[in-house]
Amino acid sequence: MTAKSRSKDAIAERLAEARRRTLDLIEPLDVEQLNRVYSPILSPLAWDLGHIANFEELWLVQTIGEREPLHGDLGRLYDAIENPRRMRGELPILRDAELRAYLDDVRNRALEVLDGIEIGSDAEDPLLRDGFVYEMLIAHEHQHNETMLQLLMLVDGYELPAGAIADGASGDVPSLSGQYGHRIDGTSASGGAGEMVAVEGGTHWIGAAAGGFAYDNERPRHAVELEPFEIDRTPVTNGAYVAYMEETGAEPPLYWERDGERGWVHTAMGRRESIDPAQPVEHVSWHEADAFARWAGKRLPTEAEWEAASPNLGLPIAGQVWEWTRSDLLAYPGFEAFPYREYSEVFFGDTYKVLRGGSWATHRDDLRPSFRNWDLLQRRQIFAGLRCARSRDASR
Ligand code: AVJ
Ligand code: FE
């Protein structure tokens, strides 16, 4: 077997693995659950499924394969920008058997196209060089799997099928005390064990180097000047968040409910489960994360600080939470949109804050220190918590 056919086989296998994960996630659901609008700010699952297939058709079948779409203009219904989430339940999208056939037919065509193209590092088309467009499609399906999991939190009685999340993680966030080998004092006001890591000021290099897969918004790699700072060794825990709520009367995170004397329970998927004080807090908005950090006498890190600290902290680690930063989603100096403006460029500005790292629902292949996620400041559905920082000169 040649190196070229091996790399094509590897791509085909990773496409298949992403699809198994998608189908595993919806396996316990019936057609009504796939189509139900559980929340105006989250898509019905059937929309995500059709959108996954449509994005694949658009890039691999239409753009690369130069073939006609299977359903004519229907693809427009799956355009995320034209169809905001609150409208997606009303659209005449594909459902049930037709939807499954669309996923399968597009995948078969995409694999046929892959057979006939050149994806080496010397490919002339930047979309094909190092298999860029295939990497993008795989990452896209992974990202929508995470969005689907946000919705699945609302489905009563849903149980995550074994192996539905990468490497068979259970969907539980691993215990931080176990992970770091030191006790986390849940009542500490410092947001975790209180242990912080010092990072030198000066020039730090941020972003993804040329070559290999990364999104346009991670490039170009560039130097930033940072003042010296400290950053928490671990994300803020549930225990620390409870202490904060008790002292300030702050609202609990999304899905938390009072449970008499036993404190708080987590109510996602229609179950009431106890909250582990040693796990990172999740389902807090940017505003809540920012308020917690101030209460702790600290602040959220900038995304550049987070990335500069990532080697010291061994980040990103699978199984944790996305971490809010204080940074707006802005273009890096010298940014070039690729392969389309709507991936990142249309979101640049002060409407979105950057999240770094990755959550227990993020595919391991997508974890890299330069990855930039973003969301609205009020969003709580995402699997996001925080880690605090502070300037070495405490007045900043
Ligand atoms: C990077 C998670 C904000 O969901 O809007 C999915 C990812 N882009 N399809 C989003 C994405 C196109 C994006 N986020
Ligand atoms: Fe998408």
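What comes next is a walk through the structure. It should be emphasised that the depicted structure is a prediction, and the values quoted were computed from it without experimental measurement.

Definitions and cut-offs
- Residues numbered from 1 in each chain as written.
- Chains lettered and ligands numbered in written order.
- Predicted model: local features only at pLDDT ≥ 70, side-chain atom pairs only at ≥ 80, totals over all residues.
- Heavy atoms only, no water.
- Helix = DSSP H or I, 4+ residues; strand = E, 2+ residues; numbered from the N terminus.
- Rg over C-alpha atoms; globule rule 2.2 N^0.38 Å.
- Buried < 20%, exposed > 50% of the residue type's maximum accessible area, 1.4 Å probe, protein only.
- Contact = heavy atoms within 4.5 Å.
- Areas by Shrake-Rupley, 256 points an atom, 1.4 Å probe, with all protein chains shown as cover.
- Lys, Arg positive; Asp, Glu negative; His and termini not counted.
- Charge placed at Lys NZ, Arg CZ, Asp CG, Glu CD.
- Donors = N, O, S within 2.8 Å, 3.2 Å for Na, K, Ca; no water.
- Tetrahedral: all angles 85-135°; square planar, octahedral: opposite > 155°, others 65-115°.
- Pairing = 2+ DSSP bridges.
- Axes fitted to C-alpha atoms, helices over the stretch in contact; angles between N-to-C directions.
- Near = heavy atom within 4 Å.
- Polar contact = N/O pair within 3.5 Å; in protein donor to acceptor, adjacent residues only side chain to side chain.
- 1 Å grid on protein atoms, 1.4 Å probe; cavity = no way out; pocket = protein on both sides within 12 Å on 5 of 7 lines; lining within 4 Å.
- Sits in = over half its atoms within 2 Å of the grid points.
- Core = buried A, V, L, I, M, F, W, Y, C linked by side-chain atoms within 4.5 Å.
- Points joined across faces, edges and corners; volume = space filled by probe spheres on them.
- Nonpolar A, V, L, I, M, F, W, Y, C, P; charged D, E, K, R; others polar.

### Quick notes on the overall build of the protein chain
Helix and strand counts for the protein chain come out as nine helices and twelve strands. Relative to the 2.2 N^0.38 estimate, which gives 21 Å for 396 residues, the radius of gyration of the protein chain is 22 Å and therefore close to what a compact globule would have. Seen along its three principal axes, the alpha-carbon backbone of the protein chain occupies a region of about 60 × 50 × 40 Å. For the protein chain, with 396 residues in total, the buried portion stands at 55%. Pairs at least 24 apart in sequence give 77% of the contacts found in the protein chain among residues at least 6 apart. For the protein chain, the accessible area works out to roughly 17,100 Å², and carbon and sulfur atoms hold 48% of it. The positive charge centre, built from 42 side chains, and the negative charge centre, built from 67, are 3 Å apart in the protein chain.

### Considerations on the coordination of the iron ion (ligand 2)
The coordination sphere of the iron ion (ligand 2) contains the protein donors His51 (NE2), His140 (NE2) and His144 (NE2), at a distance range of 2.1 Å. Classification of the site at the iron ion (ligand 2) rests on its four donor atoms, whose angles at the metal span 91 to 168 degrees, yielding the label irregular. Spacing between the donor residues of the iron ion (ligand 2) along the chain follows H-x88-H-x3-H. Of this pair, His140 and His144 both sit in helix α5 (residues 132-152), four residues apart, which is roughly one turn of that helix. Both residues of the pair, His140 and His144, belong to the buried class.

### Let's talk about the sheet that holds strand β12 (residues 389-391)
The three strands lie next to each other as β1-β4-β12, forming an open sheet whose pairing is antiparallel. Of all strands in the sheet, those with a lone pairing partner are β1 (196-199) and β12, marking the two edges. Pairs of neighbouring strands in the sheet enclose a mean axial angle of 20 degrees, with direction left out of account. Here strand β4 (residues 229-232) runs beside β12; their pairing, made up of three bridges, is antiparallel. Its bridge partner lying in β12, Ile231 is registered against Ala389. Most of the contacts of helix α9 (residues 303-313) go to β4, to which it runs at about 65 degrees, and overall it touches β1, β4 and β12.

### Comments concerning the site of ligand 1
His140, Gln143, His144, Tyr343, Asn373 and Trp374 make up every residue found near ligand 1. Here a nitrogen atom of ligand 1 and a side-chain polar atom of His140 are 3.0 Å apart. Here His144 contributes a side-chain N or O atom positioned 3.2 Å from a nitrogen atom of ligand 1. For ligand 1, whose unbound accessible area comes to 350 Å², protein coverage reaches 78%. Given that more than half its atoms are within 2 Å of the pocket grid, ligand 1 belongs to the largest pocket. Within the residue set of the shell around ligand 1, elements represented by two or more residues are α5 and β10 (373-376).

### Focus: the nonpolar core
Formed by 93 residues in total, the largest nonpolar core has its most connected members in Val133, Tyr134, Met136, Phe292 and Leu386. At the level of elements, α1 (3-26), α3 (45-64), α4 (96-115), α5, α7 (238-248), α8 (286-295), β8 (322-328) and β9 (352-357) are the ones that each hand at least two residues to this core. The residues contacting Met136, other than those within four sequence positions of it, are Phe55, Trp59, Phe213, Tyr215, Pro339 and Tyr340. Residues Leu226, Phe229, Ala308 and Ala389 belong to the second largest nonpolar core, which totals 15 residues.

### A closer look at the layout of surface pockets
A water-sized probe rolled over the atoms picks out the places where empty space is left. Approximately 1,400 Å³ is the volume attributed to the largest pocket. Surrounding the largest pocket, 45 residues form its lining, Ala80, Arg85, Arg88, His144 and Phe347 being those nearest its centre. Elements represented by at least two residues in the lining of the largest pocket include exactly α3, α5 and β10. Residue contributions to the lining of the largest pocket peak at seven residues, all from α3. Considered class by class, the residues forming the lining of the largest pocket number 20 nonpolar, twelve polar and 13 charged.

### Observations concerning the environment of Leu149
Tracing the chain through its elements places Leu149 in helix α5. Along the chain, Leu149 and Leu25 lie 124 residues apart, while their C-alpha atoms are 7.9 Å from each other. Non-local contacts of Leu149, meaning those with residues more than four positions away in its chain, are made with Leu25, Leu160, Ile165, Trp360, Ala361 and Phe383.

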